[in-house]
Amino acid sequence: MADTAASRRFSGFADLYDAARPTPPTELVELLTAWCGVERPDVVDLGAGTGLSTVLWSGRAASVVAVEPSADMRVVTEQRVAGRPGFRVVDATAEATGLPSGSADLVTASQALHWFDADRALPEIARLLRPGGVFAAYDSQWPPTIDPEVDRAYAEFDELLRAEEIRRGLRPAYAAKQEHPARLRASGLFRHVVDIAVHKRDDGDAARLVDVARSQGGTVALLAAGVAESDIGLAQLRAVAAERIPTTRTWWWTYRVRLAVR
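Residues numbered from 1 in each chain as written. Predicted model: local features only at pLDDT ≥ 70, side-chain atom pairs only at ≥ 80, totals over all residues. Heavy atoms only, no water.

*Asks:* What's the story with the sheet that holds strand E4 (residues 104-110) in this structure? I'm lost.
*Replies:* Through backbone hydrogen bonds, the strands of a sheet pair up, either in parallel or in antiparallel fashion. Pairing is mixed across the open sheet formed by seven strands, whose spatial order is E3-E2-E1-E4-E5-E7-E6. Bordering the open sheet on either side are strand E3 (87-90) and strand E6 (192-204), each of which pairs with just one other strand. Sheet twist, expressed as the average angle between the axes of neighbouring strands with direction ignored, equals 20°. Alignment of strand E5 (residues 129-140) against strand E7 (residues 249-261), held across seven bridges, turns out to be antiparallel. (Pairing = 2+ DSSP bridges. Helix = DSSP H or I, 4+ residues; strand = E, 2+ residues; numbered from the N terminus. Axes fitted to C-alpha atoms, helices over the stretch in contact; angles between N-to-C directions.)

Structure, rendered in structure tokens:
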């Protein structure tokens, strides 16, 4: 992500983010390896956050570079990949990685592409990729599928959260996720773009679901600004989750995966 308000909003709560957020489906490794046609690819993970996506490539890639501008997030990533051969973490943005041209078979962005400045980031991604290389941007859809009443309460929370962010001028530039495929095609940098879905089975209870909500950058910004939990629907979500999922339940995350071939 860019070193702007979009990256600064993800500073100061890396531990919460890391504990609450899901890891991407492991099936992505097989899919992306097949698509780029390299058995042990060189991978660059943009907006790597706490490395939840980066470590998918442990033992499966020739090299892995995690690119992350937030110092708090980088600390967690560095701890996560410590001692893993071929891994390194760099302080840079998706728009200016500082990495050599043609150095990657795969470039990935997990939960991150919507915060990038596409006009600058997409040419940088294309520069990094070798001919035939693949860019994969994947995002879990919010919330995970658990319970209909919890789903309704989360949707209400998310609507109130976004409205309050906009009202207070706390929401940085954001590229709508559903527009990613069209944006990739319109760039003219990729010869083929496709949008698919994969699923991840997970589990958690009410406390973890509330932590997922609290791990959203907007929630952090609004609570820090003194907004009450009740004003953004977080108190109601907490109450519904406590009633409906008091113990650990199965969660289903749907991941939208946008694949673009150089």
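*Asks:* Looking at this structure, I do not really get the side chain of glutamate 68. What am I missing?
*Replies:* Position of glutamate 68 relative to the elements: it lies in the loop between strand E2 (63-67) and helix H4 (71-81). One buried charged residue, glutamate 68, remains without a salt bridge, the closest side chain of opposite sign being arginine 74 at 6.0 Å. Separated by 2.9 Å, the side chain of glutamate 68 and the backbone nitrogen of serine 70 make a polar contact. (Buried < 20%, exposed > 50% of the residue type's maximum accessible area, 1.4 Å probe, protein only. Lys, Arg positive; Asp, Glu negative; His and termini not counted. Salt bridge = Lys/Arg side-chain N within 4 Å of Asp/Glu carboxyl O. Polar contact = N/O pair within 3.5 Å; in protein donor to acceptor, adjacent residues only side chain to side chain.)

*Asks:* Help me out: how do you make sense of the packing of helix H8 (residues 206-214) against helix H10 (residues 234-244) in this one?
*Replies:* Angle between the axes and distance between the axes are the two parameters that describe a pair of packed helices. Running from N to C, H8 and H10 cross one another at 160°; their axes reach a closest spacing of 8 Å. What the angle tells us is that H8 and H10 run roughly antiparallel. Seen from above, H8 lies across H10 with right-handed handedness. Side by side, H8 and H10 meet where Ala206, Leu209, Val210, Ala213 and Arg214 of the first sit next to Leu234, Leu237, Arg238, Ala241 and Ala242 of the second. Here the residues of the contact of H8 with H10 are counted per class, giving eight nonpolar, no polar and two charged. (Parallel < 35°, antiparallel > 145°, perpendicular 65-115°, else oblique. Left-handed = near helix turned anticlockwise from the far one by under 90°. Contact = heavy atoms within 4.5 Å. Nonpolar A, V, L, I, M, F, W, Y, C, P; charged D, E, K, R; others polar.)

*Asks:* I keep staring at the packing of aromatic side chains and nothing clicks. Help me out?
*Replies:* Within this structure, the stated rule accounts for four aromatic pairs. Ring centres of tyrosine 154 and phenylalanine 157 lie 5.3 Å apart, and the angle between their planes is 85°; this geometry places the pair in the edge-to-face category. Taken together, the residues tyrosine 154 and phenylalanine 157, both in helix H6 (residues 148-168) and three residues apart, mark about one turn of the helix. Owing to a relative accessible area of 1%, tyrosine 154 belongs among the buried residues under this scheme. Relative to tryptophan 253, the ring of tryptophan 251 has its centre 6.1 Å away and its plane inclined at 55°; by these criteria the two rings are tilted. On the basis of relative accessibility, which here comes to 0%, the residue tryptophan 253 falls in the buried class. An aromatic cluster is defined as three or more aromatic residues linked by ring pairs; in this entry it consists of Trp142, Trp251 and Trp253. (Phe/Tyr/Trp six-rings, centres within 6.5 Å; stacked < 30°, edge-to-face > 60°.)

*Asks:* Would you explain the pairing of E5 in this entry?
*Replies:* Regular strands show a simple pattern: their side chains alternate between the two faces of the sheet. Extensive coverage of E5 is indicated by the burial of nine of its twelve residues. Strand direction decides the pairing type here: E4 and E5, joined by six bridges, are parallel. Residue pairing in the sheet places valine 107 in a bridge with phenylalanine 135 of E5.

*Asks:* Sorry, what's going on with the environment of valine 261 here?
*Replies:* Relative to the assigned elements, valine 261 resides in strand E7. In this structure, the C-alpha to C-alpha distance between valine 261 and valine 193, residues 68 residues apart in sequence, is 6.5 Å. Excluding residues within four positions of it along the chain, valine 261 makes contact with Trp35, Gly132, Gly133, Val134, Phe190, Arg191 and His192.

*Asks:* Would you take a moment to explain H4 for this structure?
*Replies:* Each turn of an α-helix holds 3.6 residues, which means side chains three or four residues apart point in the same direction. For H4, the complete set of buried residues consists of Met73, Arg74, Val76, Thr77 and Val81. When H4 is viewed along its axis, its buried side chains cluster within an angular range of 165° and face the same direction. Summarising the contacts, the buried residues of H4 are in contact with helix H2 (14-20), E2 and E3. Within two residues after H4, glycine 83 carries a phi angle of roughly 85°, on the positive side. (Arc of directions from axis to C-beta.)

Note that all results are geometric; they support no functional claim without further evidence.
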